[in-house]
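Listed below, chain by chain, are the residues.
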Amino acid sequence: MDLRASFGLDEPVDVDALTTALTTALDGRWGALCRGVRAQMAAAVVRDNSDLTTEQYRQRVFDDLHLLAKTGPARLGFDPEFGGMGDPAASVVAHEMLGLGDLSLMVKAGVQWGLFGGAVQLLGTRRHHERYLRDIMDLQLTGCFAMTETGHGSDVQHLRTTAAYDPATAEFVIDTPDPAARKDYIGNAARDGRMAVVFAQLIVDGRSRGVHALLVPIRDGDGNPMPGVSIEDCGRKGGLNGVDNGRLSFRDVRVPREALLNRFGDVGEDGRYSSPIESDGRRFFTMIGTLIRGRISVAGTAGSATKRALAIAVGYSNTRRQFERPGGQGEVVLLDYQAHQRKLLPALATSYALSFAQHELVGGLGELSGEGPRDERQQRELESRAAGIKAVATWHATATIQACREACGGAGYLAENLLTTLKADTDVFTTFEGDNTVLLQLVAKGLLTNYQSQVGDLGTLATARFIAEQFAGTFIERTAARSVIERLLAAGPGRDDETVLFDRAWQIRAFEDREKHMLDGLARRLRRAAGSAGDRGESGAFAIFNDAQDHLLRTARVHIDRVVLEAFVAAVERCPSPATRALLSRVCDLYGLASIEGDLAWFLAHGRLTAVRAKSVTGAVNALCGLLRPQAQALVDAFAIPRPYLGAKILVGAGS
Ligand SMILES: Cc1cc2nc3c(=O)[nH]c(=O)nc-3n(C[C@H](O)[C@H](O)[C@H](O)COP(=O)(O)OP(=O)(O)OC[C@H]3O[C@@H](n4cnc5c(N)ncnc54)[C@H](O)[C@@H]3O)c2cc1C
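Keep in mind the model is a prediction, meaning the values are calculated, not measured. (Residues numbered from 1 in each chain as written. Predicted model: local features only at pLDDT ≥ 70, side-chain atom pairs only at ≥ 80, totals over all residues. Heavy atoms only, no water.)

This part covers the overall build of the protein chain. A count of helical and extended segments in the protein chain gives 22 helices and 13 strands. Its C-alpha radius of gyration of 26 Å places the protein chain within 12% of the 26 Å reference for a compact globule of 656 residues. Sorting the 656 residues of the protein chain into buried and exposed places 57% on the buried side. Summed over all atoms, the accessible surface of the protein chain reaches about 26,700 Å², with 51% contributed by carbon and sulfur. Across the protein chain, the centroid of the 75 positively charged side chains sits 2 Å from that of the 79 negatively charged ones. (Helix = DSSP H or I, 4+ residues; strand = E, 2+ residues; numbered from the N terminus. Rg over C-alpha atoms; globule rule 2.2 N^0.38 Å. Buried < 20%, exposed > 50% of the residue type's maximum accessible area, 1.4 Å probe, protein only. Areas by Shrake-Rupley, 256 points an atom, 1.4 Å probe, with all protein chains shown as cover. Lys, Arg positive; Asp, Glu negative; His and termini not counted. Charge placed at Lys NZ, Arg CZ, Asp CG, Glu CD.)

Okay, here's the thing in structure tokens:
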């Protein structure tokens, strides 16, 4: 089949117009904001940090943070009544743009305004907003988000720091009861933070009320630790060395009653505890769920860093030549090799897919952050999607940046070509803001329990029973692209020859069918196991879930893959220009078919593809790589990465 002709890609195109149209599609509804931030970034002087000492690098990042504080984006996410701009979705998009630059600066900004400021805004109430928000935006008050402990990272519910209420003085007493309860890895703690949002088990009247957050000063005006606060430096890390991560321990540290961030639980003047949410478990999950902005931001910034790596690798591969082409036609450009196209182009297609999915997620955040009553189920679904997209986007970043490094050969290993720094700095994205494996488990549990909020209260056995009783078969919940997808599915697939692989309805059905099969199978498996292991109580239930962990994780993964595909399909359908739509449509094919190819074993083992069709999937991926090769440069140029951030020496001619 002549793909080029049949997909309308053989018409002459105005590359600049095409690139601009692709950028417009990628920016989506945040076009004006993205252009504004890009213009600011284009004027920036980008300096090389690779030879700085840790202290010099931290100082440089802190200085840059002060410059950033003077710009609009630092205020975007905060309440307008206190000097903010009241647009959390826009703040996440602006933060995503920061991911195109120095990632230490991006993380430092994320800690200050996203995690620390975000916790004050979202977990605190008016008394905290009035007192602190302006200073946080202006960087008069620098802070930390102190959740993780040495002993407990993923299992936040079982943190061991305590905050016991003393009615005699109307104060909370913060303590680190044992070394494992020490706060660990905390950004801004080792050098610059003056205050910390400390997550601790709240004890009132001798009774534990679960994890709550309190504002605790950690340094005085001269930068010395406050009495009772011990601070250690985590020292040099595998990357992100412009961020000062540290450890915090507390001994009899007293803070006033008002230091409790009291949106979800409070201690009144009478010393009594009260909360709008009765159950400790539900309160905890509601509180944690409120903080999803950070997770969404990590997914977005992982996407930005990946785009930067792809822009470097594709740009280089378009000029670098190796080995003579027979017939005296000169040396072959790397990107003309199929193996090289395979290395970069499916990853490029996935970056497009994740970019569209990310913006749909951010759109959902914007909608749910508005005024008015919150729809609990929608909120939980958004949290689950944020967890899943964060996991997939950060794993994609890690794999793709490595592939880009290899695609640039030895040059890719030189610091001057930026890829090694990108690799080191993004590595931990798979761990912080929630370990990816743990996040995918949350996604699967959400699917199995239909995002019911009462599940937060249930132990493992009760959860297994809940699933056994309530799961009534998979219902594919559509994303924002619902009407588009329904229309496409109603229209196809009409053919059953080799072209069916390029039929959008066939692709969507393949993803959907896999998800449905895996989820139904998982529910059946848990139901069977719950029946037989019920008498063994919690340990029996633990064994059920533990034995099914592989299935659970795969189910979550294929669910997110389907959500991402739908976001891409919707973006293609939205695109107003026929030439751009034709190109995006082929990129979408490449994303979908490369993903199916990566999971061929499942499709074959479950009789979803014949051996012949499975081989034709590989053929189609090869064909799409060849087809898209001439547009690869336009596809990365459309990321519109400001010039100063593409300063890799290999992009300025040294490699050819
Ligand atoms: C550079 C950096 C900056 C950070 N900044 C902050 C910060 O500012 N504030 C803050 O509070 N924290 C911060 N953290 C901490 C971070 O959020 C935690 O490291 C993260 O939540 C994971 O916790 P952990 O390190 O204890 O890993 P663990 O939870 O011990 O996980 C270790 C491994 O065990 C696996 N695992 C755990 N539980 C399960 C399970 N149930 N099933 C299967 N596998 C499981 C995980 O997949 C992982 O592979 C930072 C960490 C780093 C490295």
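Now that the structure is up, let's keep going.
This paragraph deals with the nonpolar core. The biggest cluster of nonpolar side chains holds 182 residues, and the ones touching the most others in it are Trp113, Phe199, Tyr352, Phe568 and Ile596. It is helix α10 (residues 338-368) that contributes the most residues to this core, 14 residues altogether. Each residue touching phenylalanine 568, except ones within four places of it in the same chain, is listed here: Ala349, Tyr352, Ala353, Phe356, Leu584, Val587, Cys588 and Tyr591. Core analysis: the next-biggest nonpolar cluster, separate from the first, contains 25 residues, Tyr165, Val198, Val204 and Val255 among them. (Core = buried A, V, L, I, M, F, W, Y, C linked by side-chain atoms within 4.5 Å. Contact = heavy atoms within 4.5 Å.)

So, on to the pattern of salt bridges. Taken as a whole, this structure holds 37 salt bridges when the rule is applied. Residues arginine 562 and glutamate 515 are paired through a salt bridge, measuring 2.7 Å at the closest nitrogen-oxygen approach. Linking arginine 562 in helix α18 (residues 549-574) with glutamate 515 in helix α16 (residues 504-533), this pair joins segments that are 47 residues apart in sequence. Across the pair, glutamate 515 and arginine 562 agree in class, each one buried. Linking arginine 557 and aspartate 561 is a salt bridge whose minimum nitrogen-to-oxygen distance equals 3.2 Å. Of this pair, arginine 557 and aspartate 561 both sit in helix α18, four residues apart, roughly one helical turn. Its relative accessible area of 29% is what places arginine 557 among the partly exposed residues. Classification of aspartate 561 as buried rests on a relative accessible area of 7%. Through salt bridges that share partners, Glu55, Lys108, Arg191, Asp192 and Asp244 make up one connected network. (Salt bridge = Lys/Arg side-chain N within 4 Å of Asp/Glu carboxyl O.)

Attention now moves to the side chain of aspartate 266. Structurally, the position occupied by aspartate 266 is in strand β10 (residues 266-267). With a relative accessible area of 18%, aspartate 266 lands in the buried category. In this structure the side chain of aspartate 266 is engaged in a polar contact, spanning 3.1 Å, whose partner is the side chain of asparagine 262. Those residues in contact with aspartate 266, other than ones at most four positions away along the chain, are Arg127, Leu260, Arg272, Tyr273 and Ser274. (Polar contact = N/O pair within 3.5 Å; in protein donor to acceptor, adjacent residues only side chain to side chain.)

Around the ligand lies a shell of 19 residues, among which Phe145, Met147, Thr148, Ser154 and Asp435 are the nearest. Within the backbone of tyrosine 185, one N or O atom sits 3.0 Å away from a nitrogen atom of the ligand. Counting residues per element, the ones that place at least two in the shell around the ligand are β4 (183-187) and α13 (436-449). Broken down by class, the residue content of the shell around the ligand amounts to seven nonpolar, nine polar and three charged. (Near = heavy atom within 4 Å. Nonpolar A, V, L, I, M, F, W, Y, C, P; charged D, E, K, R; others polar.)

Next up on the list: unusual backbone geometry. Backbone geometry at asparagine 188 places phi at a positive 80 degrees, although glycine is not the residue there. Note on placement: asparagine 188 falls in the loop between β4 and β5 (195-204). For asparagine 188, a relative accessible area of 1% gives the class buried. The backbone of alanine 640 sits at a positive phi, close to 55 degrees, despite the residue not being glycine.

Of the two faces of strand β9 (residues 253-256), the one lined by Val253 and Val255 is fully buried and the one lined by Arg254 and Pro256 carries no buried residue. Sheet analysis places strand β3 (residues 171-175) next to β9, joined by four bridges and oriented antiparallel. Note on β9: the bridge partner recorded for phenylalanine 172 is valine 255. (Pairing = 2+ DSSP bridges.)

The next thing to look at is the side chain of aspartate 589. Among the secondary structure elements, aspartate 589 is positioned in helix α19 (residues 578-598). For aspartate 589, a relative accessible area of 0% gives the class buried. Here the side chain of aspartate 589 touches arginine 504 through a polar contact of 2.6 Å, side chain to side chain. Contact partners of aspartate 589, with chain neighbours within four places excluded, come to Phe502, Arg504, Gln507, Ala594 and Leu624.

Look at α19: 30 Å from first C-alpha to last across 21 residues, which is about the 30 Å you get at 1.5 Å a residue. α19 sits mainly inside the fold: 16 of its 21 residues count as buried. (Expected span 1.5 Å × (residues − 1).)

Below, the discussion takes up the packing of aromatic side chains. Evaluated as defined, the whole model comprises nine aromatic pairs. For the ring pair phenylalanine 284 and phenylalanine 285, a centre distance of 5.2 Å and an interplane angle of 75 degrees mean the geometry is edge-to-face. For phenylalanine 285, a relative accessible area of 30% gives the class partly exposed. Between the aromatic rings of phenylalanine 356 and phenylalanine 568, the centroid separation amounts to 5.2 Å while the plane-to-plane angle is 45 degrees, which identifies the pairing as tilted. With a gap of 212 residues between them, phenylalanine 356 in helix α10 and phenylalanine 568 in helix α18 connect regions that are remote in the sequence. For the residue pair phenylalanine 356 and phenylalanine 568, the accessibility class agrees, reading buried in each case. The rings of Tyr352, Phe356, Phe568 and Phe639 are connected pair by pair, giving a single aromatic cluster. The side chain of arginine 514 reaches across the aromatic face of phenylalanine 511, ending 5.0 Å from its centre. (Phe/Tyr/Trp six-rings, centres within 6.5 Å; stacked < 30°, edge-to-face > 60°. Lys NZ or Arg CZ within 6 Å of the ring centre and 35° of its normal.)

Two numbers describe how helix α6 (residues 103-123) lies on helix α7 (residues 126-138): the axes approach to 10 Å, and their chain directions differ by 170 degrees. When the axis of α6 is compared with that of α7, the two are roughly antiparallel. Where α6 abuts α7, its residues Gln112, Trp113, Phe116, Gly117, Val120 and Gln121 lie against His128, His129, Tyr132, Leu133, Ile136 and Met137. Per-class residue counts for the contact of α6 with α7 are seven nonpolar, five polar and no charged. (Axes fitted to C-alpha atoms, helices over the stretch in contact; angles between N-to-C directions. Parallel < 35°, antiparallel > 145°, perpendicular 65-115°, else oblique.)

Moving on, we get to the packing of α18 against α19. For the pair α18 and α19, interaxial distance at closest approach is 9 Å and the crossing angle is 170 degrees. In terms of orientation, α18 lies roughly antiparallel with respect to α19. Here α18 and α19 pass one another in a crossing that is left-handed. Here Asp561, Val564, Leu565, Phe568, Val569 and Val572 of α18 lie close against α19, whose contacting residues are Arg581, Leu584, Ser585, Val587, Cys588, Tyr591, Gly592 and Ser595. (Left-handed = near helix turned anticlockwise from the far one by under 90°.)

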